[in-house]
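Commentary on secondary and tertiary structure
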Amino acid sequence: MGEEDQRSNHGRKEGRRSKYAVACSIVGSIISILMGYDTGVMSGAMLFIEEDLKINDTQVQVLAGILNVCAILGALTAGR
């Protein structure tokens, strides 16, 4: 009986691990889709942002880089 209990516990642990892996994959996919969408929106909006805020190209690039940093922080937070 001891062997059967160990096998059933092992199966449960594997089931939990695979559910966790699927959940991580789904969260990662959603984050990458949102990042792609945000990058697309920002690339289209950069022309208008540059005009409205009266900033130069370097400042626009820094603004776009900040978007990536925010995405990294969001991904790390979602991973927790």
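Not measured: the values here are computed from a predicted model.

Mapped onto the present numbering, the UniProt feature "transmembrane region" (unreviewed entry) falls on residues 20-40 and 60-79. Across residues 20-40 one finds 100% helix and 0% strand; the C-alpha atoms that close the span lie 30 Å apart.

Judged by nonpolar contacts, Met42, Met46, Ile49, Ile55 and Val60 together constitute the single largest core of five residues. Once you skip the residues sitting within four places of it in the chain, Ile49 turns out to touch Met42, Lys54, Ile55 and Leu63.

Moving on: a nonpolar patch on the surface. A surface patch of nonpolar side chains, about 360 Å² in accessible area, is lined by Val22, Ile26, Ile30 and Leu34. As for its placement among the helices and strands, Val22 is situated in helix H1 (residues 2-53).

Below, the discussion takes up unusual backbone geometry. Positive phi outside glycine occurs at Lys54, with the angle close to 55°. Residue position: Lys54 is located in the loop between H1 and helix H2 (57-79).

Thresholds, definitions, all that
- Residues numbered from 1 in each chain as written.
- Predicted model: local features only at pLDDT ≥ 70, side-chain atom pairs only at ≥ 80, totals over all residues.
- Heavy atoms only, no water.
- UniProt positions renumbered as here; feature names shortened; annotations may be inferred.
- Helix = DSSP H or I, 4+ residues; strand = E, 2+ residues; numbered from the N terminus.
- Core = buried A, V, L, I, M, F, W, Y, C linked by side-chain atoms within 4.5 Å.
- Buried < 20%, exposed > 50% of the residue type's maximum accessible area, 1.4 Å probe, protein only.
- Contact = heavy atoms within 4.5 Å.
- Patch = residues over 30% accessible without salt bridge, like charges linked within 9 Å, V, L, I, M, F, W, Y side chains within 5 Å.
- Areas by Shrake-Rupley, 256 points an atom, 1.4 Å probe, with all protein chains shown as cover.
- Salt bridge = Lys/Arg side-chain N within 4 Å of Asp/Glu carboxyl O.

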